[in-house]
Amino acid sequence: MTHDPITSSRIPSIPVSRMRHTLITLVTSASAALTLSAQQPLSVPPVVPLTSIALTPLAAAPAAAVVPLVPVTPMTLTPFAAAPVAAVVPLVPLAPMTPMLFVARSEFTSPAVMPDRAELPGDDPADSLYRAGRDALNNTSNRRAAELFREVRTKYPRSRPAEDAPYWEAFALLRLGTDADLRQAREALDWQQAHFPNAATHGDASALATRIEGRLARNGDTQAVKYIEGRSAAGGCPTEDEDERIDALNALIQMDSERAMPILRTVLARRDACSAGLRKKAVWLVATRKAPDAAEILLNAVNTDPDSEVREQAVFWLASVPSDAATDVLIRLARTGTYSDLRSKAIFALSRSKSARANQALREIALDTSAPAEARADAVQWLLSSRGREGNADAMSFLLAMYPKVTEQSLRDRLLFAAGQMRTTDATDFLLRVARDTRESDETRKQAVFNASRSGATAAQLIQIYDQISGTEVREHVLWVLSNSKDPAGTDKLIDVARSDREPALRKQAIFWLSRSKDARAAKFLLEIIER
């Protein structure tokens, strides 16, 4: 054993062969130690170039105590770098190294990928409180959630969770709903606006504030009333705040409809494109209040609003206003409307109206040969729909009287479709007559067959049609309708056609539909054909 005069400790003696390994290790992994040493630099073979040595490993860890090296005679070092290195004996402490290596650490650490302290799980008390608050909110423990979120912003006002905690505190308090809770919610959102105006929840907080103020306004809070009135009539182009203004309009209506109507008039008087969504909401609010001047306000929107969707919404909601003036406007638009979409909306609105004049207007439009075919088709559709038939006891009589006068295919299709929806014996008989009529086009007869099946025609009636008519195309259509029938007679007819019909095309068609059938008789028949 040798005595270390510097550390006054006893260490084992080091064999020369191991010392050579140690020297090579020091040269390859810590050349800085050699440059700072007071000893003469060693002559190192070019096998291990100093310029390629990485300095980071030693820089990142504190230097261990290093044993002083025993001077040795110059020797020729052979390349042992590839061989495994034995455990290194602690060395004598070296002189202080340049701090440049520690600078390099910060240069290679990107702040963008370093986790923020508040985001590390369990590492920040504010973060722990915030998570507990969210858990309480998800479990509908609203009082506990509000307390936890409030604690985040009062105890840790500079933490990252404090940015959004006031929003969730206010949200939980709104759920609780008492005036005291709502005022505390207002205070939380005011705090967020004052300290974190650019928080991620800022946009949602604005809409939440409107709902809170609306609730307080309905309970008589004068500050809230002023807020709601100001937000409802606010100018400028709405972006994220558009929902907030709509909420304000809703709150205003619920708070005081008399006070709201002048503001709704102000909103509908705007003509800037960016307020169109707000005006559409105002149209709906005017119609649902059924105020005495509702018809006048809606009529003004129909006649003067520059946005087509706002006009269409006003037309649609006019049907909800019990006013002769509203009915007059709808009839005029349905008959002579310039825009097809607006005309279509007016016809639909007439079908929703409870006025007898509205029903009569639909009849007249349907029969008017000078009206556009699309408008006539819309009138037929809504006049003969289930809703239209509620106030139209003689709907079938009207259909029977109208059908012979119609030449446009699209309009005939609408009439046939309407008959199929009626599901009455009269409607079924009418459709079967059309299917038999050879004067009708094949397309019309096919539509009649299909709608007859919807109206309640039996498989026996459809088979009779097949046997009575001629023409491959219409008969193929009858086979398709029979293939969808649940009546076993339909399968029997398909087998009969596949076995003995004179037309090969019809036999092939019957075989095709039998192949799709789950009836055991169909499978048995197909096997017979294969075994012929």
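Residues numbered from 1 in each chain as written. Predicted model: local features only at pLDDT ≥ 70, side-chain atom pairs only at ≥ 80, totals over all residues. Heavy atoms only, no water.

## Comments concerning the side chain of Asp124
Okay, step 1: As for its placement among the helices and strands, Asp124 is situated in the loop between helix H4 (100-107) and helix H5 (125-138).
Okay, step 2: On the basis of relative accessible area, Asp124 is assigned to the buried category, the value being 13%.
Okay, step 3: A distance of 2.8 Å separates the side chain of Asp124 from the backbone nitrogen of Ala126, its partner in a polar contact. (Helix = DSSP H or I, 4+ residues; strand = E, 2+ residues; numbered from the N terminus. Buried < 20%, exposed > 50% of the residue type's maximum accessible area, 1.4 Å probe, protein only. Polar contact = N/O pair within 3.5 Å; in protein donor to acceptor, adjacent residues only side chain to side chain.)

## Quick look at the nonpolar core
Okay, step 1: Ranked by size, the top nonpolar core spans 97 residues in total, and within it Leu384, Leu399 and Phe430 carry the most contacts.
Okay, step 2: Discounting chain neighbours no more than four positions away, the residues touching Leu399 are Leu384, Leu415, Ala418, Ala419, Met422 and Phe430.
Okay, step 3: Membership of the second largest hydrophobic core comes to 31 residues, among which are Leu137, Leu189, Ala205 and Ala224. (Core = buried A, V, L, I, M, F, W, Y, C linked by side-chain atoms within 4.5 Å. Contact = heavy atoms within 4.5 Å.)

## Some words on the environment of Val321
Okay, step 1: Tracing the backbone through its elements, the reader meets Val321 in the loop between helix H15 (308-318) and helix H16 (324-336).
Okay, step 2: Placed 29 residues apart in sequence, Val321 and Pro292 show a C-alpha to C-alpha distance of 9.3 Å.
Okay, step 3: Once residues within four sequence positions are removed from consideration, Val321 is found in contact with Ala295, Leu298 and Ala326.

## Section: the packing of aromatic side chains
Okay, step 1: This model, assessed by the stated rule, comprises eleven aromatic pairs.
Okay, step 2: Taken together, the ring pairs in this structure connect Phe316, Trp317, Phe348 and Trp382 into an aromatic cluster.
Okay, step 3: Here the basic side chain of Arg134 rests over the ring of Trp168, its NZ or CZ set 4.2 Å away from the ring centre.
Okay, step 4: Across from the ring centre of Tyr466, 4.1 Å away, lies the NZ or CZ of Arg475, which sits over that ring. (Phe/Tyr/Trp six-rings, centres within 6.5 Å; stacked < 30°, edge-to-face > 60°. Lys NZ or Arg CZ within 6 Å of the ring centre and 35° of its normal.)

## Observations concerning the environment of Glu147
Okay, step 1: Looking at the secondary structure, you find Glu147 in helix H6 (residues 142-155).
Okay, step 2: In this structure Glu147 comes out as partly exposed when scored by relative accessible area, which is 42%.
Okay, step 3: In sequence terms Glu147 and Gly133 are 14 residues apart; their C-alpha atoms lie 7.9 Å from each other.

## Quick notes on the pattern of salt bridges
Okay, step 1: Under the counting rule described, the total for this entry stands at 31 salt bridges.
Okay, step 2: A salt bridge links Arg150 to Glu187; its shortest N-O distance comes to 3.0 Å. In this pair, Arg150 sits in helix H6 while Glu187 sits in helix H8 (residues 179-195), placing the two residues 37 residues apart along the sequence.
Okay, step 3: Overall, Glu187 belongs to the partly exposed group, its relative accessible area being 32%.
Okay, step 4: Of the charged contacts, one joins Arg153 and Glu169 as a salt bridge, the two residues approaching to 2.6 Å between their closest N and O atoms. Residue Arg153 is found in helix H6, and its partner Glu169 is found in helix H7 (residues 165-176); the two are separated by 16 residues along the sequence.
Okay, step 5: Arg153 sits in the buried class, given a relative accessible area of 4%.
Okay, step 6: In the salt-bridge network here, residues are joined through shared partners; they are Arg150, Arg153, Glu169 and Glu187. (Salt bridge = Lys/Arg side-chain N within 4 Å of Asp/Glu carboxyl O.)

## Observations concerning the confidence of the model for the chain
The predicted coordinates ought not to be read in detail in places where the model reports low pLDDT.
Okay, step 1: Across the chain, pLDDT averages 75, with 70% of residues at or above 70.
Okay, step 2: Low pLDDT, under 50, characterises residues 69-73; the stretch is placed with three contacts to residues that sit more than four places away or in other chains.
Okay, step 3: Considering only residues more than four positions removed or in separate chains, one finds that residues 238-242, a stretch of pLDDT under 50, has eight contacts. (pLDDT = per-residue confidence, 0-100.)

## Here we look at the environment of Ala126
Okay, step 1: In this structure, Ala126 sits in helix H5.
Okay, step 2: For Ala126, a relative accessible area of 0% puts it in the buried group.
Okay, step 3: Every residue in contact with Ala126, bar those within four places of it in the chain, is listed here: Val152, Tyr156, Ser159 and Pro161.

## Topic: unusual backbone geometry
Glycine aside, residues mostly have negative phi, and peptide bonds are mostly found in the trans state.
Okay, step 1: With a phi angle near 60 degrees, Thr140 is a residue other than glycine that sits in the positive phi range.
Okay, step 2: By the element assignment, Thr140 lies in the loop between H5 and H6.
Okay, step 3: Note on Thr140: relative accessible area 57%, which makes it exposed.
Okay, step 4: One non-glycine residue, Arg423, adopts positive backbone phi at about 55 degrees.
Okay, step 5: Positionally, Arg423 belongs in the loop between helix H22 (409-422) and helix H23 (425-436).
Okay, step 6: For Arg423, a relative accessible area of 57% translates into the label exposed.

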